[in-house]
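Structural overview
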Amino acid sequence: MEFEVQDHEIDILLQDLMESYGYDFTDYSRASLKRRINRLYSLDKFSSFVLFRQRIKTDSTYFRRFVEEITVNVTEMFRDPLFYKTIREEVLPVLATHPFIRIWHAGCSTGEEVYSMAILLHEAGLLKKSLLYATDINPDVLDRLRKGIFPLRFIKQYSENYIQSGGKQDFSSYYTAKYDWAKFDEKLAAKMVVATHNLVSDRSFNEFQLILCRNVLIYFDRNLQDKALQLFDESLDTLGFLALGAKENIKYSPIYRKYKQLDNKERIWRKIA
Amino acid sequence: MAENSITQAIQLIAIGGSAGSLDVILKLVPALNPRLPAAIIIITHRKASSEEILVDLLNAKSTWPVREAEEKDTIAPHTIYIAPTDYHLLIEQDHSFSLDVSEKVNYSRPSIDITFESAAEVYGPAVLGILLSGANADGVEGLRHIKTRGGLCLVQDPDTADVDYMPRQAVQQVKIDKVLPADQLAGYINSLFDTQQK
Ligand SMILES: C[S@@+](CC[C@H](N)C(=O)[O-])C[C@H]1O[C@@H](n2cnc3c(N)ncnc32)[C@H](O)[C@@H]1O
């Protein structure tokens, strides 16, 4: 793919998005943004930048497609099984001591991560006293999360991940398969609070004992990462846990000195101050 | 850099490989001149979390510092970076790394094409792209980009590759500067830098 949309044109698009829709992508990592924008440009067979720009500015349905395509929504259940094993073995036993558990999944995409967490809570006997806040910038992925229906072709991988994460139940007891889809048990979804939330512009809205924000910060530049981490810090109880993606780190952020990473080096930090 | 050198000084060597490339990499890297002033990025298709193994293997065999590429790391000369598994690796204009978990490309994440294209965008003629043994065509498009932007392309001779599909596609589809048997790759790379310094 030869890049058709050039850097200065991307600046123009990002400016438009702010003016027309109030979405600010200017502090996203540029290389990935540029690739996604160009991918969409060729996928939708635009013949000129002018037409592309016009379409995004004037057609709000297309704008939603644009957001969905340039933000990456790829996700999995029990992605990085050892991460979930650590949640099971080291985080949930601590959360169990609370009368009431609040967890925030920021940038949860279509919700595979949230359903995975609900399964862990269920198995630990904690689901009844938990609430899982599932937020994302993109309303369309949240619609899919609410349905709790995921493609059946991924279930084999998910059930292997589940077992590696220390799961002992029969994974198929959590969903009913129908045609090409697996519909997850509604008792899992019953504890989810779903809402749009933009990490660039929205504020802290509650206090949590555990915040997960996985594979979202890699798309942000360092300033925006710091800003998001600040927001998580404001939203986390003392002695609460902050969990990031496998390749994300808080070590360059100002909040770092208040946190201690778990000993096994999974990307989970505990707020100690 | 000398004004009379034919090629612009190479700052980045991007190596891509898939099935059958590990041995080649483990022989090539230690044979490189330990004082080459370029950075090396290695993108291979591997099982999840085996990047640590590759980092360790190369660290044991080479005098160069070897590490996994981390997001926001600035690329430093004379350092070897290994692309982490399960993420695409891109390069920003300021020469720092970005990671991306989007869809696989050519059934692969990391995709060699994505890193090669990104390297070509940012480093232009200062990239040397190398494609080794492998069973799919990931990397071929990337070499085309490197070529278009004035970089140099080197491919392992398909007849000496464990799995010849990937290098053969490259040779058939892109105007490759040099096709060499595995054991001559390192010597050729070293010689490129000799002429640069003249
Ligand atoms: C790659 S997915 C990660 C999904 C899941 N957390 C995981 O690790 O598998 C990234 C998600 O971040 C969301 N996102 C991107 N920018 C955001 C922002 N400014 N605020 C909230 N969510 C955002 C995207 O819509 C996308 O669903």
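This brings us to the sheet that holds strand S8 (residues 152-156) of chain B. All names here are of chain B. With respect to topology, seven strands assemble into an open sheet ordered S3-S4-S2-S1-S7-S8-S9, the strand pairing being parallel. Each of the sheet's edge strands pairs with one partner strand only, and the pair in question is strand S3 (66-68) and strand S9 (178-180). Ignoring which end each strand starts from, the neighbouring axes of this sheet average 20° apart. Of the pairings in the sheet, the one linking strand S1 (residues 12-17) to strand S7 (residues 127-131) comprises five bridges and is parallel in character. Its bridge partner being in S7, Leu12 is matched across the sheet by Val127. Sheet strands in contact with helix H3 (residues 112-123) are S1, strand S2 (39-44) and S7, and its direction is about 165° off that of S1.

Another aspect to go through is the packing of helix H4 (residues 140-148) of chain B against helix H5 (residues 165-173) of chain B. The geometry of a pair of packed helices is captured by two quantities: the angle between their axes and the separation between those axes. Residues and elements named next belong to chain B. Closest axis-to-axis distance for the H4/H5 pair is 9 Å, and the angle between their directions is 40°. Judged by the inter-axis angle, H4 sits oblique to H5. Crossing of H4 over H5 shows right-handed handedness. For the pair formed by H4 and H5, the contact residues are Val140, Leu143 and Arg144 on the first element and Met166, Gln169, Ala170 and Gln173 on the second. The residue makeup of the contact of H4 with H5, split by class, is four nonpolar, two polar and one charged.

Quick look at a nonpolar patch on the surface now. Nonpolar side chains collect at one region of the surface, where Ile149, Tyr179 and Trp181 of chain A lie side by side and expose about 370 Å² of accessible area between them. By the element assignment, Tyr179 of chain A lies in the loop between strand S4 (175-178) and strand S5 (181-184).

Moving on, we get to the domain arrangement of chain A. Residue and element names in this part refer to chain A. The assigned domain composition of chain A is domain 1 (7-70) and domain 2 (81-271). Between the C-alpha centres of domain 1 and domain 2 the distance comes to 29 Å. In this complex, domain 1 contributes nine residues to the contact, which on the side of domain 2 involves eleven residues. For the domain 1 and domain 2 pair, buried surface summed over both sides reaches about 1,100 Å², with 47% attributable to carbon and sulfur atoms. Glu68 is the salt-bridge partner of Arg144, the closest N and O atoms lying 2.4 Å from each other. At the boundary of domain 1 and domain 2, one finds six residue pairs in polar contact (both at pLDDT 80 or more). Partitioning the side of domain 1 that touches domain 2 into residue classes produces three nonpolar, two polar and four charged.

Our focus in this paragraph is the side chain of Glu112 of chain A. Residues and elements named next belong to chain A. Relative to the helices and strands, Glu112 resides in helix H6 (residues 112-123). An unpaired buried charge is present at Glu112: no salt bridge exists, and Arg144, the closest side chain of opposite charge, is 7.2 Å distant. Engagement of the side chain of Glu112 in a polar contact is seen with the side chain of Thr110, the distance being 2.7 Å. Residues in contact with Glu112, not counting those within four places in the same chain, are Thr75, Glu76, Met77, Phe150 and Tyr158.

Residue and element names in this part refer to chain B. Counting buried positions along S2 gives six out of six residues, so the element sits mostly inside the fold. Across the two faces of S2 the burial is the same, with Ala39, Ile41 and Ile43 and Ile40, Ile42 and Thr44 all buried. Pairing geometry for S1 and S2, over six bridges, is parallel. Considered in S2, the bridge of Ala14 is made with Ile41. Bridge count for S2 against strand S4 (residues 80-82) is three bridges, and the pairing is parallel. Paired with Ile42 across the two strands is Ile82, which belongs to S4.

All right, on to the site of the ligand then. Taken together, 22 residues lie near the ligand, and Tyr28, Thr75, Arg79, Glu113 and Asp136 of chain A sit nearest. Neighbouring residues of the ligand are not confined to a single chain but are spread across chains A and B. Within the side chain of Asn73 of chain A, one N or O atom sits 3.2 Å away from an oxygen atom of the ligand. At 2.8 Å, a side-chain N or O of Arg79 of chain A approaches an oxygen atom of the ligand. Coverage of the ligand by the protein amounts to 98% of the 610 Å² it exposes when considered alone. Taken together, the residues of the shell around the ligand break down into nine nonpolar, nine polar and four charged.

Bringing the packing of aromatic side chains into the picture now. Residue and element names in this part refer to chain A. For the structure on display, the rule yields 31 aromatic pairs over all chains. Aromatic side chains Trp104 and Phe232 sit 5.4 Å apart centroid to centroid with 80° between the ring planes, which places their arrangement in the edge-to-face category. A residue pair is termed long-range when its members are at least 10 positions apart, and Trp104 in strand S1 (residues 101-106) and Phe232 in helix H10 (residues 222-235) qualify at 128 residues. For Trp104, a relative accessible area of 0% gives the class buried. Measuring from ring centre to ring centre gives 5.3 Å for Tyr133 and Phe208, while their planes differ by 80°; the resulting arrangement is edge-to-face. Taken as a pair, Tyr133 in strand S2 (residues 130-136) and Phe208 in strand S7 (residues 208-213) lie far apart in primary sequence, 75 residues in all. Grouped by ring-pair contacts, the aromatic residues Phe78, Phe83, Tyr84, Tyr115, Phe150, Tyr162, Phe171, Tyr174, Tyr175 and Phe184 constitute a single cluster. For the cation-ring pair, Arg214 lies above Phe83, with the distance from its terminal atom to the ring centre recorded as 3.7 Å. One cation-aromatic arrangement involves Arg222 over Tyr252; the distance from NZ or CZ to the ring centre is 4.5 Å.

Reading the values: the criteria
Residues numbered from 1 in each chain as written. Chains lettered and ligands numbered in written order. Predicted model: local features only at pLDDT ≥ 70, side-chain atom pairs only at ≥ 80, totals over all residues. Heavy atoms only, no water. Pairing = 2+ DSSP bridges. Helix = DSSP H or I, 4+ residues; strand = E, 2+ residues; numbered from the N terminus. Axes fitted to C-alpha atoms, helices over the stretch in contact; angles between N-to-C directions. Contact = heavy atoms within 4.5 Å. Parallel < 35°, antiparallel > 145°, perpendicular 65-115°, else oblique. Left-handed = near helix turned anticlockwise from the far one by under 90°. Nonpolar A, V, L, I, M, F, W, Y, C, P; charged D, E, K, R; others polar. Patch = residues over 30% accessible without salt bridge, like charges linked within 9 Å, V, L, I, M, F, W, Y side chains within 5 Å. Areas by Shrake-Rupley, 256 points an atom, 1.4 Å probe, with all protein chains shown as cover. Salt bridge = Lys/Arg side-chain N within 4 Å of Asp/Glu carboxyl O. Domains from an automatic or database assignment. Buried area = accessible area lost by both parts, 1.4 Å probe. Polar contact = N/O pair within 3.5 Å; in protein donor to acceptor, adjacent residues only side chain to side chain. Buried < 20%, exposed > 50% of the residue type's maximum accessible area, 1.4 Å probe, protein only. Lys, Arg positive; Asp, Glu negative; His and termini not counted. Near = heavy atom within 4 Å. Phe/Tyr/Trp six-rings, centres within 6.5 Å; stacked < 30°, edge-to-face > 60°. Lys NZ or Arg CZ within 6 Å of the ring centre and 35° of its normal.

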